[in-house]
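Fold and geometry: a report
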Amino acid sequence: MAFSKDKIRNFCIIAHIDHGKSTLADRILERTGTVEARLLKPQMLDSMDLERERGITIKLNAVSLTYKAKNGETYLFNLIDTPGHVDFSYEVSRSLSACEGALLVVDATQGVEAQTLANVYLAVEADLMVIPVINKIDLPSADINACKKEIEERIGIGCADACLVSAKTGQGVDGVLEKIVELVPPPSGKDEDPLRALVFDSHYDSYRGVVANIRVKDGKVKEGDTIYLMESKKSYLVTEVGVRTPDEVRTGELGVGEVGYLAASIKDIHDLFPGETITLDANRAKEPLPGFRKVSPMVYSGLYPSDSKDYENLKEALEKLSLNDASLSFTPENSKALGFGFRCGFLGLLHMDVIQERLEREYGLDLILTAPSVVYLVHLTDGTSKYISNPSDLPDPSKVSKIEEPYVRASLMTPKEYVGAVMELCEKRRGIYQDLVYFDDYRQEVKYLLPLSEIIYSFFDRLKSSTKGYASLDYEFDGYRESDLAKMDILLNGDTIDALSSIVYRPDAYRRGLKTVSKLKEIIPRQLFEVPVQAAINGKVIARADIKAVRKDVLAKCYGGDISRKKKLLEKQKEGKKRMKAVGSVEVPQEAFMSVLSSEEE
Amino acid sequence: MKGYYREDYADRYLAVLFNEIASYGKGPYKTIYVGGGTPSVLNLRQTKTLLDVLAPMLEKGGEFTFEGNPESIDEEKAHFYAAYGVNRVSLGVESFSPRLLKLMGRHHTGDDVFKAVSALRKAGIDNLNLDIIYGLPGETMEELQSDIKTLLSFKVPHLSSYSLTVSPHTSFYNKGYEEPSGDASAAFYEELLSTLRQAGYQRYEVSNFAWPGFESRHNLVYWQDLPYVGVGIGAAGYLGGRHYQNTKSLTSYLSHGPEPVYEEEPSLQDKLEYYFLTNLRLAKGFALGDFATRFGFSFLDRYKEKYPKLVEEGLLEVGENGRVSCTDRGIMLLDRVLVALY
C-alpha cells in the first residue's frame, strides 16, 4: 500500500539505558497490531540474544507500521531504533538523521541523564521534533512534576503536553501515537530530485549480500536500478527493495520519506558504512547527505585462541562477525607469549565485550584477550611518526622523541553534591578541567578533557560508585596530546611477557607496577617453583612480588565413598587447567592478561 | 551409623542391614571392615547379633577390623570382639589435647585411649590403628608435636593422620571454622612424616603409616582399585567396575532398604582416572605389568606425552622395578599429578 508523503511519520526513541525505550517500542508494535501480542518477545527490536540479555541495543533496527489515527486517517509510521550506549554515538547520529521526530523517553523516577542530554542535542541539531514522554509513571517513586521541570529547564523543551505513560502497563501509549501524528512533520524531500538515500545500518546476509537499512530523502529507488555509493564510489544493481513490519515485505520500490531495506549483491560491508549516501548511477545527486564519518576503532586488544589449534576458527569467526560489523577491525599479529592471534579494534569496551561474548558463545571459542589499549602516536627521533595499537610495538625509548595519546571531551552530569567527587576522579585520571555548567538547583555538568586510556576501563564503574549511581558520562574524541608515557613490561620468572606490556603514564608507573604485580600474584596459581613477578620500565625493575611454590595439594582422606567424589573434583580442576595458558614455564590464567588494567585506587 | 544412638532404631537398622548383607551372598571375604562412624556404640546384644552374621563370612586368615571411639571400648567389649575373630581395631583418637578434643565435641580423654588400647591388647588384639587429625582451628606446631609424641608412646603398628577438612553442613562449617591453608597443612604434614619415619613407620599411603607388614589390607583394596561390597546407610561399593552408593536417608534406608545408585558404565577414560586416583595414593604406586594386564596397553606408550614432564618436575618416578609411583613431593601434590595425567 503506498502512502502519500503527508501520511508518513519517521521517528526514533531516545532514552537513557533502562529508561524504558525497548518496552515502549514493544507497546507501540502491539498497539498498532504490527506484532500480535502473543508473538511479542520482550524487546522485540533487539534482535540479538545478547541485546535482550543486557538490555542494550547494539544493531540498529527499523520497523514500518500502520496506525489508524482518531481523525480516521491511516498513517505509516517508521520507528527507527537507536543504540543506547556511549560507544555507539555516531550510529545514533545516523539513525537520527533518518527521522523527522524523536520521542524523548525520561524515567519519571530518575530524571534527565547526561547520555539522554547528549542524544537530545544530536536530535535538536538534526532538526527533529522532540516529543517528551515521561515513563514509569506507575512507580510509587515517580515524580512527574520534577521530571517535567527538569526537561524544561535542562533541555528547553516545553512539557505542558508531555505524554505520561507506563510502557510496562501500556497506560498512555495511545496518547503517544496521536502526538506522533499531530507533531512529527511529514518528510519533506522532492520526488523529482535525483535519489538520495541515507544508509543508517547494514547487515550481511549470505544469500543477498549486504542488506542496508535506508531512508529515502529525495527521489525514489526500485529494483533493477543501478545505484551509486557516493562515499565508496561504487555501483551496484539493486536486487531487492522492501520494508520491515518487522518481517521483511518486498515492495519493489521506496519513495521519498520511506524507510526500508535494500539489497544489491554487495559483498563487503565496508562498502556500506552507516552514513553512506545512495544515489542512482545514471542520475547522480550533486551532494551526498551531510554527516558521514568513517568510524574508527577507539580501543585495540589482542585476541588469541587459548588453544593454538583454534587460530583458523578464530579467523573465520572474526571474518563472519565483521561481515556484519563494519566497525570491527582485525589484523593478524604474533605474540611470543600467546602465539598467533589478531589485533582487533573496537568502538569501546562494550563493543569489545560483545564481540568476545559472541565469539565464545556463537563460535564456541575459548579466548585470551590482552588488556585493551588506545592508539598512541609515536614520534621518532628520525623525524617520522607512527601510530601503535599494541604496547609491545613501542620502539626503544632512545628512538622516541615524544609520544602523544588520544584525549576525549567528556561531559559528566552529576547531582551537585557529587561534583567534588567527580572532579576528584577526573583529576586523578589526568583530566584537564574545562567547564562546570549549572543546570538547576540539583545538577551540574562537569566538563573535562581526559586521556582516553584513563576512561576505557573502570572509569565508568568508579564514577557510578562515587556518585551512588547518579552521575552519567558522555564523551567524544578530541585529539592527540603529548604525554609523559613509557612502556611497562611484566616479567614472569625473569622472562618479559609481551602480551602483558602496557603503556603507562610515567609519574604513575610505580603505583601501577605495584598494583599489577600484586594482582598477578593473586591471579596466577602457585607453581611447582617460586615465580618472581616483576614490573620494569626500560629494563629497570620498579615493582616485584613473588608467587611462592605450591607445597601441598592432596586430599587427606580417600576411602570407598570419597573416590567418586574426588574423581569429579579432579575433572573440574582439569577443566580449570584448560583455561590456563602455558607462558614459558608458567601456567597463566586467561584473566591475568587483563590485570595490567588493575590501576584502581582502592 | 552417624548421629545419635537410639536402641530401637539400631535394632531396625540391623534387620535391614542383615538383609542387605545376605543379598550379596555368603562370602567368604578376605577382609571385613565395620566402620564409617562408630559401630562401637552398639550395645553388647546388638554387637553380638552383628558379629553372628559377619564372623562366618570372613575367609580363614582374613582381616577383620572394627572401628570405634576410645571411650566406648572396655574390656568386656574387647574380649567379645576377640572371641568373634575381630583381629584389628581402629580408634578415632583425633587428638590428645583437651582443648582440641573439646573443640571437636569429642568426649574421650587421653586416658580413655590408654584404657581402650590396654583392654584390646589384653584381649589379644594387638593390630591397632590410631587416627589423629591435624590443622585444627588454632592448633600450634607444639600441640601437634605433643600429640605425635603421645601417639608414638603407644607403639601400635598402624597410624593414620588427616588434615582437617571442613565440609558444608557440618558443625565445624556452621561455626565458621576453616581448613588450614595449604602451607600450614604442609608444615604439619612434613613434621608428622619425618617424626613417624624416624620412629620406624612407613608412609604407605598419603595419610597412612604402618610398620612393614601391618598395612591395612582392607583399605589397600580401595587404593588398588579393586572391587568391594559396601553395606549400610550411605555406604559405597564397587562391583563389576561400577561404583555405587546407598541412600543417605535413615528413614528411607529403614523403610525401603539401601536403594544403591550405580554410576553410569565407566568409559575407558573413567577407568583410567579411577586407577590413577587410587593407586598413586600409595607410596609404591602401581606396577606397569598390572596396568597392562588391566587395560591391555602400556602406560609408558599411552602416556608418553605426559609422564616425562612429571618425572622431570620431580613428582613421579618410573622405577627400574617396573613400578610407577609418586615421589614424596608428588604425593604432597597428588592432585596436580592426577590432573596432568587425566
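Thoughts on the overall build of chain A
- From N to C terminus, chain A includes 13 helices and 33 strands.
- In terms of overall dimensions, chain A is globule-like: its C-alpha atoms have a radius of gyration of 27 Å, near the 25 Å expected for 602 residues.
- In terms of overall dimensions, chain A has C-alpha extents of about 80 × 70 × 55 Å along its principal axes.
- Expressed as a percentage of the 602 residues in chain A, the buried residues total 58%.
- The long-range share in chain A, meaning contacts at least 24 apart out of those at least 6 apart in sequence, stands at 69%.
- Looking at chain A as shown, the accessible area adds up to about 25,100 Å², and 49% of this sits on carbon and sulfur atoms.
- Side-chain charges in chain A split into 81 positive and 93 negative, and the spacing between the mean points of these groups amounts to 5 Å.

Side note on the domain arrangement of chain B
Residues and elements named next belong to chain B.
- Segmentation of chain B into domains returns domain 1 (2-223) and domain 2 (276-341).
- If you average the C-alpha positions of domain 1 and of domain 2, the two centres end up 29 Å apart.
- Each side of the interface is counted separately: domain 1 has 11 residues, and domain 2 has nine residues.
- Carbon and sulfur atoms supply 58% of the area that domain 1 and domain 2 bury against each other, a total of about 930 Å² over both sides.
- Summed over the three residues of domain 1 that lose the most area to domain 2, namely R203, V206 and W223, the buried surface amounts to 52% of that side.
- Taken together, domain 1 and domain 2 are joined by three salt bridges.
- Taken together, the connections running from domain 1 to domain 2 amount to six residue pairs in polar contact (both at pLDDT 80 or more).
- Within the residue set of the side of domain 1 that touches domain 2, elements represented by two or more residues are α8 (182-198), β6 (202-205) and α9 (217-223).
- When residues of the side of domain 1 that touches domain 2 are assigned to their parent elements, the largest contribution, four residues, is made by α8.
- Among the residues forming the side of domain 1 that touches domain 2, the class breakdown is seven nonpolar, no polar and four charged.

Concerning helix α1 (residues 7-23) of chain B
Residue and element names in this part refer to chain B.
- In this model α1 runs 25 Å from its N-terminal to its C-terminal C-alpha over 17 residues, within 8% of the 24 Å that 1.5 Å per residue would give.
- Within the span of α1, buried status applies to A10, Y13, L14, V16, L17, E20 and I21.
- In this structure, the buried side of α1 is in contact with α2 (44-54) and α10 (250-256).
- Looking at the residues trailing α1, positive phi occurs at G25, about 95°.

Concerning the interface of chain B and chain A
- Between chain B and chain A, the residue contacts involve 39 residues of the former and 26 residues of the latter.
- Remark: the boundary between chain B and chain A carries five salt bridges.
- Between K567 of chain A and D270 of chain B there is a salt bridge, with its nearest N and O atoms 2.8 Å apart.
- There are 21 residue pairs in polar contact (both at pLDDT 80 or more) connecting chain B and chain A.
- For the side of chain B that touches chain A, the secondary structure elements donating two or more residues are β5 (158-163), α8, α9, α11 (268-279), α15 (328-332) and α16 (334-341) of chain B.
- In terms of residue count, α8 of chain B provides more of the side of chain B that touches chain A than any other element does, seven residues in total.
- Looking at the side of chain B that touches chain A, its residues break down into 21 nonpolar, eight polar and 10 charged.

Focus on the pattern of salt bridges
- Here the structure, examined in full by the defined rule, presents 49 salt bridges over all chains.
- K309 of chain B serves as the salt-bridge partner of E313 of chain B, at 3.2 Å between the closest nitrogen and oxygen.
- K309 of chain B sits in the partly exposed class, given a relative accessible area of 49%.
- One continuous salt-bridge network, built from bridges that share partners, spans D205, R208, E240, R244 and E248 of chain A.

Brief notes about the sheet that holds strand β8 (residues 209-218) of chain A
Residue and element names in this part refer to chain A.
- Taken in spatial order, the eight strands line up as β11-β10-β16-β7-β8-β15-β12-β13 in an open sheet, and their pairing is antiparallel. The open sheet has two edge strands with one neighbour each: β11 (234-237) and β13 (248-250). Averaged over all pairs of adjacent strands, the angle between strand axes in this sheet comes to 40°, irrespective of strand direction.
- Sheet analysis places strand β12 (residues 240-244) next to β13, joined by three bridges and oriented antiparallel. Looking at β13, one finds that G242 is bridged to R250.

Digging into the nonpolar core
- Of all hydrophobic cores here, the largest spans 99 residues; its most connected members are V89, F276, L280 and F299 of chain B.
- Each of domain 1 (2-223) and domain 2 (276-341) of chain B gives at least three residues to this core.
- Sequence-distant contacts of V89 of chain B, that is, excluding residues within four places in its chain, are made with T65, F66, I73, Y81, L120, I125, N127, L128 and N129 of chain B.
- Membership of the second largest hydrophobic core comes to 48 residues, among which are L314, I355, L473 and I503 of chain A.

Things to note about helix α3 (residues 75-83) of chain B
Residue and element names in this part refer to chain B.
- Within α3 the residues assigned to the buried category are K77, A78, F80 and Y81. What you see down the axis of α3 is that its buried residues fit within an arc of 160°, all on one side. The outward face of α3, more than 90 degrees from its buried face, is lined by the exposed residues E76 and A83.
- Those residues of α3 that are buried lie in contact with α2, β2 (58-68), β3 (88-94) and α5 (110-122).
- Two residues or fewer after α3 comes G85, characterised by a positive phi angle close to 90°.

Quick notes on the sheet that holds strand β10 (residues 261-262) of chain B
Residue and element names in this part refer to chain B.
- Spatially, β8-β9-β10 is the arrangement adopted by the three strands of the open sheet, whose pairing is antiparallel. Two strands in the sheet have a free side with no partner beyond their single neighbour: β8 (236-239) and β10.
- One ladder, built from two bridges, connects strand β9 (residues 242-245) with β10; its direction is antiparallel. Each residue of the ladder has a partner; that of Y244, found in β10, is Y262.

A short note on the confidence of the model for chain B
Residue and element names in this part refer to chain B.
- Taken residue by residue, chain B gives an average pLDDT of 92. The fraction at 70 or more is 98%.
- Looking across chain B, the model is least confident in helix α7 (residues 171-174), with a mean pLDDT of 84, and most confident in strand β7 (residues 208-210), with 97.
- Here the prediction assigns the complex a pTM of 0.74, and the interface score ipTM is 0.88.

A look at the packing of aromatic side chains
- If you walk through the whole model with that rule in mind, you get 41 aromatic pairs over all chains.
- Between W211 of chain B and F214 of chain B, the aromatic rings sit 6.0 Å apart at their centres with planes inclined by 85°, giving edge-to-face as the arrangement.
- Exposure remark for W211 of chain B: the relative accessible area of 28% places this residue in the partly exposed category.
- The class for F214 of chain B is partly exposed, based on a relative accessible area of 32%.
- Grouping aromatic residues by their ring pairs yields a cluster made of Y275, F276, F286, F291, F295, F297, F299, Y303 and Y307 of chain B.
- One Lys or Arg, K567 of chain A, reaches over the ring of Y274 of chain B and ends 4.9 Å from the middle of that ring.

Focus: the packing of helix α13 (residues 560-578) of chain A against α11 of chain B
- With their axes 10 Å apart at the nearest point, α13 of chain A and α11 of chain B run at an angle of 110° to one another. On the basis of the axis angle, α13 of chain A is roughly perpendicular to α11 of chain B. Contact residues: I563, S564, K566, K567, L570 and E571 of chain A in α13 of chain A; D270, E273, Y274, L277 and T278 of chain B in α11 of chain B.
- Taken together, the residues of the contact of α13 of chain A with α11 of chain B sort by class into four nonpolar, two polar and five charged.

Overview of unusual backbone geometry
- Omega for the peptide link from G27 of chain B to P28 of chain B comes to 0°, which places this bond in the cis form.
- Position of P28 of chain B among the secondary structure elements: in the loop between α1 and β1 (29-34).
- You will see that D127 of chain A, though not glycine, has its phi angle at about 65°, which is positive.
- Within the secondary structure layout, D127 of chain A lies in the loop between α4 (114-125) and β5 (129-135).

Cut-offs used in this document
- Residues numbered from 1 in each chain as written.
- Chains lettered and ligands numbered in written order.
- Predicted model: local features only at pLDDT ≥ 70, side-chain atom pairs only at ≥ 80, totals over all residues.
- Heavy atoms only, no water.
- Helix = DSSP H or I, 4+ residues; strand = E, 2+ residues; numbered from the N terminus.
- Rg over C-alpha atoms; globule rule 2.2 N^0.38 Å.
- Buried < 20%, exposed > 50% of the residue type's maximum accessible area, 1.4 Å probe, protein only.
- Contact = heavy atoms within 4.5 Å.
- Areas by Shrake-Rupley, 256 points an atom, 1.4 Å probe, with all protein chains shown as cover.
- Lys, Arg positive; Asp, Glu negative; His and termini not counted.
- Charge placed at Lys NZ, Arg CZ, Asp CG, Glu CD.
- Domains from an automatic or database assignment.
- Buried area = accessible area lost by both parts, 1.4 Å probe.
- Salt bridge = Lys/Arg side-chain N within 4 Å of Asp/Glu carboxyl O.
- Polar contact = N/O pair within 3.5 Å; in protein donor to acceptor, adjacent residues only side chain to side chain.
- Nonpolar A, V, L, I, M, F, W, Y, C, P; charged D, E, K, R; others polar.
- Expected span 1.5 Å × (residues − 1).
- Pairing = 2+ DSSP bridges.
- Axes fitted to C-alpha atoms, helices over the stretch in contact; angles between N-to-C directions.
- Core = buried A, V, L, I, M, F, W, Y, C linked by side-chain atoms within 4.5 Å.
- Arc of directions from axis to C-beta.
- pLDDT = per-residue confidence, 0-100.
- Phe/Tyr/Trp six-rings, centres within 6.5 Å; stacked < 30°, edge-to-face > 60°.
- Lys NZ or Arg CZ within 6 Å of the ring centre and 35° of its normal.
- Parallel < 35°, antiparallel > 145°, perpendicular 65-115°, else oblique.

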